[in-house]
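# Secondary and tertiary structure notes
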Amino acid sequence: THRSPRILQYGRMPLPALDHELAAQFDVTVLSEQPDRAGFLAAHGADFECVVTSAAMGLPGDVVRALPRLRFVSSFGVGFDALDQAALLECGARVGYTPGVLDDCVADMAFALLLDAARSLSAADRFVRRGDWSRQRFGVHTRASGKRLGIFGMGRIGAAVARRAAGFDMQVAYHNRRPVEGSPHQYLPSLMELARWADFLVITAAGGDSTRHLVNAEVLDALGPQGFLVNVARGSVVDEAALAAALQQQRIAGAGLDVFEDEPHPLPALLALDNVVLAPHIASGTQETRRAMADLVLQNLHSCLATGAPVQEVPWSAAAARQ
Ligand code: NDP
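To keep things clear, this report deals only with the structure shown in the data block. Everything quoted here is computed from the prediction, not taken from an experiment. (Residues numbered from 1 in each chain as written. Predicted model: local features only at pLDDT ≥ 70, side-chain atom pairs only at ≥ 80, totals over all residues. Heavy atoms only, no water.)

Let us now look at the packing of aromatic side chains. Scanning the entire structure with this criterion turns up seven aromatic pairs. Centre to centre, the rings of Phe80 and Tyr97 are 5.9 Å apart; their planes meet at 55°, and the pair counts as tilted. In this pair, Phe80 sits in the loop between strand 4 (72-76) and helix 4 (85-91) while Tyr97 sits in the loop between strand 5 (94-96) and helix 5 (103-119), placing the two residues 17 residues apart along the sequence. On the basis of relative accessibility, which here comes to 5%, the residue Tyr97 falls in the buried class. In this structure an aromatic cluster arises from ring pairing among Phe80, Tyr97 and Trp316. (Phe/Tyr/Trp six-rings, centres within 6.5 Å; stacked < 30°, edge-to-face > 60°. Helix = DSSP H or I, 4+ residues; strand = E, 2+ residues; numbered from the N terminus. Buried < 20%, exposed > 50% of the residue type's maximum accessible area, 1.4 Å probe, protein only.)

Attention now moves to the layout of surface pockets. Which parts of space are left empty comes out when a probe the size of a water molecule is rolled across the atoms. The volume enclosed by the second largest pocket comes to roughly 320 Å³. Lining the second largest pocket we find 19 residues, and of these Ser120, His141, Phe228, Ala253 and Asn275 sit closest to its centre. A class-by-class count of the residues in the lining of the second largest pocket yields nine nonpolar, seven polar and three charged. (1 Å grid on protein atoms, 1.4 Å probe; cavity = no way out; pocket = protein on both sides within 12 Å on 5 of 7 lines; lining within 4 Å. Points joined across faces, edges and corners; volume = space filled by probe spheres on them. Nonpolar A, V, L, I, M, F, W, Y, C, P; charged D, E, K, R; others polar.)

Turning our attention to the environment of Ala272. Here Ala272 lies in the loop between helix 11 (268-271) and strand 12 (276-278). On the accessibility criterion, Ala272 (72% relative accessible area) is exposed. Sequence spacing of Ala272 and Ala244 is 28 residues, and the spatial spacing of their C-alpha atoms is 10.0 Å.

Here you go:
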């Protein structure tokens, strides 16, 4: 194997064990712990060929441009909307990520949020803890089984959500830019039609410019006063102010959110509402899945150093390398 190549780690990783493993296997500098980040990059940027980061931390263009010898990036996570694609393509770095290993846990979280929103589980928990049970009835909520599940973004995670829906006897339809070849599920040609059709609209589409605020007031009104929204993809896909207004005015029935436009700061209006379930971006956050993601981060790094390419490469990096 390699003689401790130098690695620039952008910040602390979502699994502390991975910090230790990286430090044991490589000569690691953690950029976020440098007191003068810009000064450090100016003095030492040319020492690093490899960067390790995460989907949540991303990698800004100014850091990429401060690393003139950058060849490889290994990112923890499947979203690449926070990696500066233009800057990375410009310098020709090969970018690895961790698709596939987190699909089940993210889909589980989508269903946890869906069921919680429909059955008001978190609100019920607050009700019992407040001691309200001995004073009043909790009320009736919404059935999930047998309903219509619309999936916006039928990719790896969307397909895992659809598999779970079968166990709840739900009908599934979806919208992507393109229909998925061989998918058994009904394709609807617009997000608007999907929202109109669905009782539950689950967002599992990629983030970034092409999906920014696609779930807006009009889409929420198409989902309607009996409809629920679940977002485990990226906060940027939803106009959060429009969502808060729709929840407040009960123009939709409820929502379950793992992701927000400005993390870790959900819109304050959401915090006051009982018909929304809020989670702190934890959909992939199980021991088992984070371990599998960490293994893939290390595997991508070792593969880059041994063969010049990661095992799992983000589509635009792979496409550029083929040319
Ligand atoms: P995939 O690439 O497999 O699927 C993404 C899907 O989104 C594709 O079906 C794609 O279809 C669709 N899509 C992309 N852009 C658009 C668009 N403009 N309009 C409509 N559909 C679009 O990704 P994964 O399933 O692996 O992951 C999905 C996302 O989930 C990730 O990008 C990530 O941001 C998020 N995620 C969140 C986590 C969390 O902790 N909450 C954890 C892991 C992932 P098409 O190209 O045909 O449009």
